[in-house]
Amino acid sequence: KEFSLKIYIIMKSFLLFLSLLPFGINSFAQYTKIDENISIRFEGKHSTANDLLKVISNKSIIWLEKIILGKEDCLFGLSKYVNNQKAPINLVFEKYVRNVTPPNTIVLEAGHYKKGEVTYYYKISQSTFSDKVKRTNVMYYLMPNNFSDKLYEFKITSDKYYKLETMNYLEKLVSSAK
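About the criteria used
- Residues numbered from 1 in each chain as written.
- Predicted model: local features only at pLDDT ≥ 70, side-chain atom pairs only at ≥ 80, totals over all residues.
- Heavy atoms only, no water.
- Pairing = 2+ DSSP bridges.
- Helix = DSSP H or I, 4+ residues; strand = E, 2+ residues; numbered from the N terminus.
- Axes fitted to C-alpha atoms, helices over the stretch in contact; angles between N-to-C directions.
- Buried < 20%, exposed > 50% of the residue type's maximum accessible area, 1.4 Å probe, protein only.
- Patch = residues over 30% accessible without salt bridge, like charges linked within 9 Å, V, L, I, M, F, W, Y side chains within 5 Å.
- Areas by Shrake-Rupley, 256 points an atom, 1.4 Å probe, with all protein chains shown as cover.
- Salt bridge = Lys/Arg side-chain N within 4 Å of Asp/Glu carboxyl O.
- Arc of directions from axis to C-beta.
- Lys, Arg positive; Asp, Glu negative; His and termini not counted.
- Polar contact = N/O pair within 3.5 Å; in protein donor to acceptor, adjacent residues only side chain to side chain.
- Contact = heavy atoms within 4.5 Å.
- Core = buried A, V, L, I, M, F, W, Y, C linked by side-chain atoms within 4.5 Å.

Enquirer: Describe the sheet that holds strand β6 (residues 105-115), naming the residues involved and giving the relevant values.
Expert: In any sheet, the strands associate via hydrogen bonds between backbone groups, in a parallel or an antiparallel arrangement. Taking strand neighbours across the sheet as the criterion, the 7 strands line up as β3-β4-β5-β9-β8-β7-β6 in an open arrangement whose pairing is antiparallel. The sheet is open, and its two edges are formed by β3 (46-48) and β6, each paired on a single side. Shown here is a sheet whose adjacent strand axes are inclined to one another by a mean of 25°, direction ignored. Summarising the sheet, strand β5 (residues 72-88) and strand β9 (residues 147-158) pair through 10 bridges and their orientation is antiparallel. Following the sheet pairing, Phe-76 is matched in β9 by Ile-156.

Enquirer: Would you mind going over unusual backbone geometry in detail, with residue names and values included?
Expert: Even without being glycine, Asn-104 reaches a positive phi, approximately 60°. Of note, Asn-104 is situated in the loop between α2 (89-97) and β6. Positive phi, normally seen in glycine, also occurs at Asn-145, with a value near 55°. Following the sequence through the fold, Asn-145 ends up in the loop between β8 (134-142) and β9. For Asn-145, a relative accessible area of 75% puts it in the exposed group.

Enquirer: Just give me the short version of a nonpolar patch on the surface, but keep the residues and values in it.
Expert: Residues Leu-52, Val-55 and Leu-75 make up a contiguous nonpolar surface patch of roughly 260 Å² in combined accessible area. Locating Leu-52 in the fold gives a position in the loop between β3 and β4 (61-69).

Enquirer: Now, about the pattern of salt bridges: what can you tell me, with residues and values included?
Expert: Tallied over the entire structure, the rule returns 9 salt bridges. Among the ionic pairs, Lys-80 bridges to Asp-35, the shortest N-O distance being 3.0 Å. Of this pair, Lys-80 sits in strand β5 while Asp-35 sits in strand β1 (residues 31-35), and the two are 45 residues apart along the sequence. Of the charged contacts in the structure, one is a salt bridge between Glu-94 and Arg-98, with a shortest N-O distance of 2.9 Å. The exposure class of Glu-94 is partly exposed, given its relative accessible area of 41%. Linked through salt bridges whose partners overlap, the residues forming this network are Asp-35, Glu-36 and Lys-80.

Enquirer: Lay out α2 with the relevant residues and their values.
Expert: Within the span of α2, buried status applies to Ile-89, Val-92, Phe-93 and Val-97. Taken end-on, α2 shows its buried residues confined to a sector of 100°, consistent with a single buried face.

Enquirer: Break down the side chain of Glu-65 for me, citing the residues and quoting the values.
Expert: Residue position: Glu-65 is located in strand β4. Here Glu-65 is buried and forms no salt bridge, its nearest opposite-charge partner Lys-66 lying at an N-O distance of 9.9 Å. A polar contact of 2.7 Å, which involves the side chain of Glu-65, links it to the side chain of His-46. For Glu-65, the side chain forms a polar contact with the side chain of Trp-63, separated by 2.8 Å. Once residues within four sequence positions are removed from consideration, Glu-65 is found in contact with Phe-42, His-46, Ser-47, Thr-48, Ala-49, Cys-74, Leu-75 and Phe-76.

Enquirer: Could you give an account of the nonpolar core, naming the residues involved and the relevant values?
Expert: Of all hydrophobic cores here, the largest spans 24 residues; its most connected members are Phe-76, Tyr-140 and Phe-154. Looking at this core, the elements with two or more residues in it are β2 (38-41), β4, β5, β7 (118-128), β8, β9 and α3 (163-176). By size, the runner-up hydrophobic cluster in this structure holds 11 residues, among which are Ala-87, Ala-110, Met-139 and Tyr-141.

Enquirer: Just give me the short version of the environment of Val-92, but keep the residues and values in it.
Expert: Relative to the elements of secondary structure, Val-92 occurs in helix α2. On the basis of relative accessibility, which here comes to 12%, the residue Val-92 falls in the buried class. A C-alpha to C-alpha distance of 9.9 Å links Val-92 and Ser-148, two positions 56 residues apart in sequence.

And the structure:
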């Protein structure tokens, strides 16, 4: 009888714990291992979209995730660019990122800012697709120890432009990287 009371208390506690969980398993802020060099922590509702990697010809993209910003589904992409020699992030950003864009894309804003001890590098661009739809791309850049042969691009693309919310989300992702 005492044993069954303990089981009852354990089960009741477990069910109470489950009822307190927010939204479901993909809303936990847990670390996701992306590759051998980086893990990041997604927050809010999200789900993997890595099945799209099979049909994308860009081999630099190493992770895709569907996230929600505002009330809109957005696509988060993480790209990894590897060079044959190490360089500081400020040099790589200025020379290869700041003003470089694919066709039908314009740079709206690019730069860096310091928050505490961390310097964030970012670029905001707008792409026009063949169906004349314009999409905004907000990108943040990270390099291990700010000096490496690897540059990671954290990118959110959406039809609507939620500048502050998107930048805050990406800043948290970059800050969570380990």
